[in-house]
Each structure stands twice: as structure tokens, then as C-alpha cells.
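# Understanding the architecture of this molecule
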Amino acid sequence: MSIKKTTIQIIGSGILQDDVLMVGESLLRKWKISTGHPVQLAFGSFRQEVTVISVPRYSGLRVGSVLARKMGLHASHDSCNLRVTYSRGRRTLRVGPLISVLVSRDYPEQPDKPFGSITLFCRELVGECRRQGAYVYFFTPEHIGSQPGRVQGWVYDGGWKKTVMPAGDVVNNRLTSRKLENRTSVQHFMKEVKSQYGTAFFNEKFLDKNEVFDALKSNSSLRKYLPESHLLQTFAVFKKMCNQYPSVFLKPVRGSLGKGIMRINKQTDGTFSVLSTTAGTPRKQTYANVDKLYKSLAGKMKSTRFQLQQGLTLIDHGKRPVDFRALVQKNASGTWTVTSIVARIAGGSHFVSNLARGGTLSTVKEALAKTTLPATVKSNGLTSLKTAALDIASGVEKAIPAHFAEFGIDLAIDSTGRIWLLEVNSKPSKNDNTPLNDQKTRPSVKKMIEYCCYSAGFK
């Protein structure tokens, strides 16, 4: 599909007034704009009334350098290619989309690598925006000032540069910390840009594990994917779960990367063994009974809320548990699609598959081929996982009032071939999502920009 882009040419200072916009005559005819009349020029939250002048035998826009700086447009070759729309009713000419990416931190002292380990990902976004006719910049909570319509941001134009930018048509929240996300300045900024400028702010909040499971329980069509789960609050529920299932998992409801997870196994002699995730080999402890086990958790429960979840007998790869990470994203028409699914194999003696805990990746086909599942389950496994991931993404979106555009959905298949939901992550890690083939631009990046263009109204 070809993308209609318009050349925006920046004219040197003194040649063109900053309240004048030169428009190719073919575009004026298309939009039915009369020359000499004012229109509103918009670029993200930037708005300015300009007078339109026709340019014969030209099909782009020309703006003066002063106006370009006000807009936040930077182009080393004095031009860029963006999408342009015109609303006759509002007499507004929109250039864009302007995409703002909110990241946790920057490193100004490293001009070649201002975002640390995610700098290459940011460059990937810049390249894809240029291909699709969009404009992107990056900012942190520290860059948010008293004016929601203007922020400090990093643009890439032959090198990384920091400059003042308008708020974007779209903000992609890539904050990796709840503490940062809950800052008063960040929450105020989110509220103001949405209400004042109609900015689409997606992936706007973290999800708690228990919040997701409680929300999905009310959907009868999704219950088949849900292992029994409870917020750990009472001894009675803890005792019931530990006695009912051969194993149960305790997961911090706000945990990530497999940190703080405990697996509780009931032994044949009535004792309980507990494996805890650590940086090295999982730590093992044994308790004489469920009462003593619960008392040992009292200290942790004061500072951390836990989800208590039914243990599952998962398929394995050489006795190492296997689960699956599906990256589900909205596409160019705002529809949920599966971008990738990879199998994750737990590393060494670990009982969680996170890459941060030594896990490794495999294709779904290869992982299923090495199991004892029936041939029909193996052949239909990928399709079934995709169906489950799409159903769950849609279910979360309907049940939890927030704007989401991508989920990392962790799924498992048990020894009978049944699919289970383990977790939904609204800020999927780039490492866990990386496809197994080497591509210059990840499909996830392409789809993210496509959705940004859609949600900003530049279809």
C-alpha cells in the first residue's frame, strides 16, 4: 500500500513571513482553499493562523524558517515528507502526525546514545516515521514543564538534538516505572493534552496482575483461559489453594521480569517446598505445614501484594518449562492483530522463562514439535495461541477503562493441550518481543507507527 506524503519545504529566513504558508496549486484545488484567505495550521498542539499563497506547478507546502522553528520542524536538507489533511469545516490544515514517545530517562552527556540501551530502538522509530510520513520526538518526565502544549524533546536530524516541541497528536507511554508514571506532573500532562488538544495517549497505565484476572473473570468466553487466581489476603484462601493444587504460584501483582515469584509445591509427606526467583539459582526452602509457610510470608505481605495462582503442568523442553509470549498490537485500522508469538524456555534450574532469568527463545513450531502433545494439537497450536491472545486483548480493553495499543500476553499450554493465560503486560519488554529473524525494522515498530497515524486521524 502506497502512503500519500507531502513535501514540506523550509524556506530561508527573511524570504517568507512567519504568518504565510505557500501551498501548491494542485493541493489548493483538491482542498478547495482560496488564496489570500486565512487557515489554521496545526502540528500536534501547535496552532497558528496563516495566509495561504498559491505556488504554480507545485504539489507541496513551503514554510518560512521562523514558522518551522515554532512548529518544531527540523530538517537538515530543508525539507521533510509528512502527511497533510485539510478540514474545510474547521478551515484547519493539519501536518503530521506528530508522535511523542515518553521514555523514562535520558543521558545528555552521551549525545550519540541519549537513551542508553533503547537508543537503537528510538532510531528505528525515527526511520520508520520517515518511511510512513510521520514525525517523532522523545521526552522524559523531567522535560514536562508548566505548559502542557510545549515540552523539551529529542529529535534526530543527522544527530540527536534537544529542542522545544509541541505536544504530539499521539503520545506513546513507554515509561518503565510506576513511580514515574504516577508523578503529579506526568498525570497532569496526560490529562491536559487529552482535554486541550485531543491527544491520543496510549499504553497509558501499567496493569496489575490481579486487576487483569478479576476483569476477565466476568467474561464467560474467557474463563477457559484463566487458572484459579486470588489476591492473597486471608489464610483461609491460601490454605485452600495450597491443599487443592499440587503447586501454586505467588506473584507480586506489580512485579516484572520474573522478580519475586515463588512456586509452592505440596510434598507427599505433607510438607511444603518453596522455590523463589533470585539472580542466580532459585532459592529452596521447606516448611513443615501450611501454617508455618503462611507465617513466613507475613513480612513480605506487609510491603508487597501477591497474586495466588493455580500451578499448571506445562509442556516442557528437556524438563524445562515452556511458555509463550504473544505481542498483540493495533494496526492501521485500529484492529487488534498478533505481531509475533515466540516460545520461551526456562533457563537451567529456573522455573520462570523470562529472558532476564536466563530463558531462551524458540519458534512455536519448534517448541511444540519437541513435546508429547498429540499431532493435531501441535499442528493447530500456533493458530490456537493467536486466537487466545486476540480474545484476551479484546477482553482486557473492554473491561479496563484505558487506551491500550499493544500488549505482551504470556500464555501456556498444559500437558493436555489446553491454553492458559499467565499474565498481560501493557508495557511489553523489547527484549522479550524481539523476533527470531534479523530484520532492520521490527514488524512491531512498523505496526506501532501505522496505529499512531490511524489514531491521530492521518489514515
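Residues numbered from 1 in each chain as written. Predicted model: local features only at pLDDT ≥ 70, side-chain atom pairs only at ≥ 80, totals over all residues. Heavy atoms only, no water.

## Quick word on the pattern of salt bridges
- In total, this model carries 21 salt bridges according to the counting rule given.
- Asp106 is the salt-bridge partner of Lys162, the closest N and O atoms lying 3.5 Å from each other. With Lys162 in strand E11 (residues 160-166) and Asp106 in the loop between strand E8 (98-102) and helix H3 (119-132), this pair connects stretches of sequence that are 56 residues apart.
- A single salt-bridge network, built from bridges that share partners, covers Arg178, Asp208, Arg254 and Arg305. (Salt bridge = Lys/Arg side-chain N within 4 Å of Asp/Glu carboxyl O. Helix = DSSP H or I, 4+ residues; strand = E, 2+ residues; numbered from the N terminus.)

## Observations concerning the packing of H3 against helix H13 (residues 443-455)
- Relative orientation of the contacting elements H3 and H13 amounts to 55 degrees, with a least axis distance of 9 Å. With respect to their mutual orientation, H3 and H13 come out oblique. Where H3 crosses over H13, the two elements pack in a sense that is right-handed. Of the residues in H13, those in contact with Phe121, Glu124, Leu125, Glu128, Cys129 and Gln132 of H3 are Val445, Lys446, Met448, Ile449, Glu450 and Cys453.
- In terms of residue class, the contact of H3 with H13 is made up of seven nonpolar, one polar and four charged. (Axes fitted to C-alpha atoms, helices over the stretch in contact; angles between N-to-C directions. Parallel < 35°, antiparallel > 145°, perpendicular 65-115°, else oblique. Left-handed = near helix turned anticlockwise from the far one by under 90°. Contact = heavy atoms within 4.5 Å. Nonpolar A, V, L, I, M, F, W, Y, C, P; charged D, E, K, R; others polar.)

## Points about H3
- With 14 residues, H3 ought to run about 20 Å at 1.5 Å a step, and its terminal C-alpha atoms sit 20 Å apart, in line with that.
- Of the residues making up H3, those classed as buried are Thr119, Phe121, Cys122, Glu124, Leu125, Val126, Glu128, Cys129 and Gln132.
- Trailing H3 by a residue or two, Gly133 shows a phi angle of about 80 degrees, which is positive. (Expected span 1.5 Å × (residues − 1). Buried < 20%, exposed > 50% of the residue type's maximum accessible area, 1.4 Å probe, protein only.)

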